Each structure stands twice: as structure tokens, then as C-alpha cells.
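# Reading the structure
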2 protein chains.
Amino acid sequence: MKSDQITIVDIANELNISKSTVSRALTGHANVKAETRQKILELAEKLDYQRNMQSLSLITNKTNTIGIVLPEFSTSFFPQVVVGAQEEASKHGYSVLISQCNESYATEVANAKVMLANRVDGVMVSLTKETLNYDHWKVFIRKKIPIVFFNRVCNEIMVPKVVVNDYDAAFHAVEHLISLGRRRIAHLAGPRQLSISQKRLNGYCDALTKHGIPIDQDLIIDSDLSLNKIKMFVKFLVELENPIDGIFAVNDPTAIEAMQIIKKMNKRIPEDIAVVGFSDNYGSSFAEPSLTTVAQPVREIGKTAMELLLGLIGKDMEEWKPIIRTMEAKLMVRDSTVRSGA
Amino acid sequence: MKSDQITIVDIANELNISKSTVSRALTGHANVKAETRQKILELAEKLDYQRNMQSLSLITNKTNTIGIVLPEFSTSFFPQVVVGAQEEASKHGYSVLISQCNESYATEVANAKVMLANRVDGVMVSLTKETLNYDHWKVFIRKKIPIVFFNRVCNEIMVPKVVVNDYDAAFHAVEHLISLGRRRIAHLAGPRQLSISQKRLNGYCDALTKHGIPIDQDLIIDSDLSLNKIKMFVKFLVELENPIDGIFAVNDPTAIEAMQIIKKMNKRIPEDIAVVGFSDNYGSSFAEPSLTTVAQPVREIGKTAMELLLGLIGKDMEEWKPIIRTMEAKLMVRDSTVRSGA
DNA sequence: CTGTTAGCGCCTTCAG
DNA sequence: CTGAAGGCGCTAACAG
């Protein structure tokens, strides 16, 4: 059944005037006799008239819709980014089409197609952990549809990006562990293809080096952000001849999973092993012990990325400067490294 | 700058054939000479041609877009529902327009307008805690745009709904506390206008009554789902002359907040006070102690609501049965009520 | 101030 | 099998 949508023609017929007058009254772009305008507006209101954006976008070649493509929805990070982004978008009259990829590259490609089909005016993208090929995003460039990457960005495409100071934050996190006297600090690293993993790893290495601690490759464990193998990794690290006394994990879920295992192995946190995570996800503050982690300004990230994106729309491509906006992430010291007085 | 979108005309000109032929080849609805079709398809592929859905929807009066309106994005519940819903939608060729309301009624009304303006083919809605008036949703009915409510549903509108067995789950949760010998069980209730709050409250009351425990109004605290006043409430309950030995909270964040306060007051959980939450949000399993709670099949809820909604599209309104689909929520017993062996 | 006309991109008749 | 013509809802010229 087709739904009952009121059109300008309906209003024009009802009032016995021309469609153009109705259109003018509704848009306010031109002059209409006050009395006529009044009548039109009233009837429109009464009939819940809604301008058909589809036909409008046919004319303006704009949809006033922004696509947001995200790798996952299982932690609080991306939903919170969406909140910030959406707030900014709606402030400027844009709607938001959201797709979540379940960390699957194939889904990301499919979602890119959906965005194209929906003629979004721009896309805000964070890549899945599997993504190594960026052709599906290059199509957007070719079609002059602006992109802004955030968090998990693509270095091959020269567009604005929003990131946090991952390197510095990781560096400080590890220095924090060192300042507590830790010397055998392991890193549960993320997938190498993600620049955030790389930067956090670099921060880890450089902090160790700065403080004269040799980098032990055995203590750098590549995980894929899934939690299945963490148990094995942590067991290995704890049972080393020269066991670890600190862990810096690439994200909070990994850190928390590690903590659970450490506790089961009857080691104390932070006394035996201090643990630091990354992101300050929902739940990290009430884990036991509460997790020291790097807090990212989530909503700000979304807002900033959306601001940059909206700024690109309507500009010539030559003006798309590949700005990299770096937001401040800050270490939150909690009980997993320093016990607060009970 | 208008973006470079390829149209059927571009392809027709390039190949020196008529637009209608190109259209036919692209849709596959009619006969085109194999050779011509081949040429058209190849060129379309090469140019990244994407059918303009806007113009299509002008003709079909369908957008193949579903709106999802959510009260909040700050716990893991709604994002997970979205995952299930989106999976189902994309399986049927629908995109998803998502709006989150920050628990604000005004935003909900605005978001409803956005959905209308975008001519969504249907909406999946969960109400904010403030919503008492449903006129903005009744407009959809008047326009014959199908709605499915889920979780926080609206009883005034006769459309399909997806809920969990809140009453039973609450009843069992409280019986669980009673079976542990608790007799002074408090309920941190949600806003009364939400049917879920009401049902959970009823479950609480009936469980007590069944076991001959009088209902003490002092032990029923109305909260508004924000966490600000929880401290005061819990302090009150713990310092009562006849203090509590159990808490059933309307949701997990409330329960966890209560636990933090109880711990600060140097009461033991579960020995002194056992705590039960509702929803099994992300983080509840690694809180200390891990929280006994009612797990809801989140993705299933999203999937089911979307299925019902898609089933409504294209049907006459008379066929919209106000089915209420009740999903199974189940009690997850954890350390906040029964300590597992360390 | 208002009506008429054309056209956005596409699909669906209707004629060949 | 293919081309031409009309129209979806709306706006932007162009005339009055």
C-alpha cells in the first residue's frame, strides 16, 4: 500500500491556486501575498505536509544526508562518536545514515556501495581491522564526494582525518608504568595494519628505550582485537622465566580480559602486574580493579570529524586540505596501576 | 561543487543508444540484445555508475530506507539492537537511518520529523524516558507509514511491538533474592511512564507477595535512570533502622552505581546486600562483584522488530496486526548474589 | 505578486 | 528488440 503523503499539488488544488505559489510560500524564497501565504502554511500544517526530500535532491543534487561507516558497535567508543557526530550534523540540517561493519572488510565494501546508492553528501569513516584495500573509498574521491576518516584512518587517501595523539598517550602510559618501577612491561598490540596500533606500539617502544629498558620481542604480542587468544598470551607472559610486571594493552576489552586471567592465576593487580588499557570504554571504571586507561574525547571526535566533513561539502576538491586534527587523549590513573586508599 | 555522478544519459550518449535501452539493460526488467546489454553493463561498471535512488523513489514512492529512533546510545543495549536490526534490513535491501535522542522528548519529536522528511518506508522506535505524548508517532499512522515499537513501547498506538518478558524476569530475579534468604529487598525503579519500569515493578511486588513478604513503600525508590541521586537513595536504604539485604535495580548502570556506594559504605556484596540488575549491559560481567542480572537477547530484539516492520511494508493498514512479540530474558546469576568459588 | 513551463534521473507505457 | 513520450514532486527560470 502506498502511503498517504501530501504534495504541493494537493495543497494547490485544495486552495485553488498554482503549485508555484504554494512552493514559494513553503520555501520562503520569494514573495507571496501575506494572506495567501498564511492560508497555505496553515493547510500544510494541518495536513502534516512534509517536503519530499527525494525530489528536492533531484534538483539540488544534494541529499543532506551524511554516511557514517563504523567498524563495530560492540564497545561504547563508536556509539559515542556517533552521538557527537549526529548532534553536529542535525545542527546543520543533515541526517545521518549509519552502517556498522562487524569488523568485516566485505561488509565495509558493501556499506560503501550503500552510501553511494543513497547519494550521501559525504562520509565519515573508520576502517575495519581487516581493511587493507581502499579502492571502495577511492571511488568517493573520484565522484568528488568528501570523506573524513577518524580513529582508524587510511593513509593512502589525502583527506582530512581526526585522530588522537596515540603515540604520546601510549608513551605516557608506558612511562607511567616505568615510573612505578616496572621493567618487564608487555604490550598486547593490535593489528599492524591499523595506524592506531602502530602508533601505540611505537609509543610503547620509545618509552622503554628512553628509559634504557631493552625491547624484548617476546613481550610484544600481536592480537587481533578478538579476545579468544588472550588467555594463552597472558599465561605465556606470566609464566616466563623472567615474568612480566606490567601490561600495556592496545584497548580496554583486551586489558580487562587480561586482568581476569591474571586474577585467576592468583597474581595481584597492580602489586604483581600493573595493567593499562586504552580508550576508557564504558565499564572500565568499575572493573576490579578499576582500569588505568587512556581516555579519548569520544563525542568531540565525532563532532570534529563531522565539522570537517560539512566544511568540505560544496567546496572544490582542490580545497580539500588533508588536515589531520589531533585530539588530546589523557591517561586516567586508576587502581590497576595505583591503588587508591580504600 | 556538485559531485560527478554518472547518469543513464551519460552512458546512452557514450554508446549512442537511447536512455530507455540503457535503463532496461540496467534493471534487467525487459529484453535487450545480449551484445548491447553487455556493452552497457561494462561501461556502467567502469564508470562506477550507481542508480540514483532519489529519482527511483520518486517513481516507486519507496525509499528502501528504514528509520530507527532510539532513546540513548550510552549503554550497550541500543547499539546492539541496531546491529541485529541492520543485519536484517540490509538482507532485504534496506538502508537504515538512525537517530538517538539523548533521552529528550523534544529531540524525539524532531527526529520523527526527520524520518518523515526522509520518507522512510517504516520506523522502529523505542521511546525516551520523557515521552508522554505520542502525537508525533500518530502522524506516521495517519500517513500509513508502518511503526514497530520495541523495548520502550507505546500502548496508545496499535502496532506490532517487541518486548521481553519483563514481568516474569523481574519476578524471577526477586524470587532469586528471596531464595537466598533475603527479606528486605529494595527496588530501584525506573520512570513510571515506561511500561518496562511498570512491569519490572509489578514483578517485584508480586514476587514479594507470593512469598508472604509485605511490600514496604519505603523500599521502592523512583529513580529517573540518571545516576545522580542513587547515592542518596542507597545511603537511605542502608541506614534504615531495619536495613535492606537485597536490591533489585531497574537496569545495570543503576545496579552498578548502587554497588559502588554499598562498597564505600563498607558493606559486603552479596553477604550483607545482594544486588540484581537488568539488561546484562557491557561491563556488568566484569564489575566487582560481577553483577547478577537479566540478560536480554539484544540482537534478536533488533532482528525481530525489523522483520515485523518489513512485513508491514506494502501491506494495507487493516492488515497491521498489533502483535506483541515477547522475547525471553533470562537471569544470569553472578557474584553479586551468589559468590562462585574463588 | 502569481501562473506557466521546463527539467532534475529514472522507469514505464506506447509505438514502431 | 529499441526509441520517443510522459510523469513522479519539486524548484527555478520566464512571463505576465
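The structure reproduced in this document is the subject of the present report. (Residues numbered from 1 in each chain as written. Chains lettered and ligands numbered in written order. Predicted model: local features only at pLDDT ≥ 70, side-chain atom pairs only at ≥ 80, totals over all residues. Heavy atoms only, no water.)

## Topic: the relation of the copies chain B and chain A
For clarity, the cut-off: Copy-to-copy superposition: least squares on the C-alpha atoms, limited to residues that have pLDDT of at least 70 in both copies. For this analysis, residues touch if any pair of their heavy atoms sits within 4.5 Å.
Expressed as a screw operation, the relation of chain B to chain A combines 0.1 Å of axial shift with a rotation of 180°, fitting to an RMSD of 0.1 Å. Such a turn and shift between the copies fits a two-fold axis. Comparing interface residues between copies, 100% of those in chain B also sit at the interface in chain A, which points to an isologous, same-surface contact.

## Digging into the pairing of strand 2 (residues 95-100) of chain B
Residue and element names in this part refer to chain B. Stated formally: With a 1.4 Å probe rolled over the protein chains alone, any residue whose accessible area is under 20% of its type maximum counts as buried; one over 50% counts as exposed, and the rest are partly exposed. In this description a helix means any DSSP run of H or I spanning at least four residues, a strand means any run of E spanning at least two, and both kinds are numbered starting from the N terminus. When DSSP finds two or more bridges between two strands, those strands count as paired. Look down the strands so they point away from you; if the path from the first strand over the helix to the second goes clockwise, the crossover is right-handed.
With six of six residues buried, strand 2 is to be regarded as a mostly interior element. Residues Ser95, Leu97 and Ser99 of strand 2 are buried on one face, and the alternating residues Val96, Ile98 and Gln100, pointing to the opposite face, are buried as well. Sheet topology places strand 1 (residues 65-70) next to strand 2; six bridges connect them, and they run parallel. Considered in strand 2, the bridge of isoleucine 66 is made with valine 96. This β-α-β element, strand 1 to helix 5 (residues 77-91) to strand 2, shows right-handed connectivity.

## With respect to the protein's contact with DNA strand C
Condition: Think of it this way: one heavy atom of a residue within 4 Å of a molecule or strand is enough to make that residue near it. Any pair of N or O atoms that falls within 3.5 Å is considered a polar contact. Within protein, one atom must be able to donate a hydrogen and the other to accept it, and sequence-neighbouring residues count only if both atoms are side-chain atoms. Only Asp, Glu, Lys and Arg are considered charged, only Ala, Val, Leu, Ile, Met, Phe, Trp, Tyr, Cys and Pro nonpolar, and every remaining residue, Gly among them, polar.
Within the structure, DNA strand C sits among 24 residues, and Ser20(A), Arg24(A), Ile8(B), Ser23(B) and Tyr49(B) are positioned closest to it. For DNA strand C, the backbone makes up 61% of the atoms found within 4 Å of the protein, where backbone means sugar plus phosphate. Ser23(B) is positioned with one of its side-chain polar atoms (N or O) 2.8 Å from a phosphate oxygen of DNA strand C. For the surface near DNA strand C, the secondary structure elements donating two or more residues are helix 2 (19-27) and helix 4 (53-60) of chain A together with helix 2 (19-27) and helix 4 (53-60) of chain B. With four residues, the single largest contributor to the surface near DNA strand C is helix 2 of chain B. Its residues assigned to classes, the surface near DNA strand C shows eight nonpolar, 12 polar and four charged.

## Section: the interface of chain B and chain A
Rule in force here: Buried area adds together the accessible area that both of two parts lose upon being put together, with accessible area traced by a 1.4 Å probe. A pairing counts as a salt bridge when a side-chain nitrogen of Lys or Arg comes within 4 Å of a carboxyl oxygen of Asp or Glu.
Contact with chain B, which involves 59 residues of that partner, is made by 59 residues of chain A. Counting each side, the surface lost to burial between chain B and chain A is near 5400 Å², with a carbon and sulfur contribution of 48%. Here Asp48(A) and Arg142(B) are joined by a salt bridge, their closest N and O atoms 2.3 Å apart. Here chain B is connected to chain A by 18 residue pairs in polar contact (both at pLDDT 80 or more). When residues of the side of chain B that touches chain A are traced back to their parent elements, those giving at least two are helix 4, helix 5, strand 2, helix 6 (105-117), helix 7 (135-142) and helix 11 (252-264) of chain B. Classifying every residue of the side of chain B that touches chain A gives 23 nonpolar, 22 polar and 14 charged.

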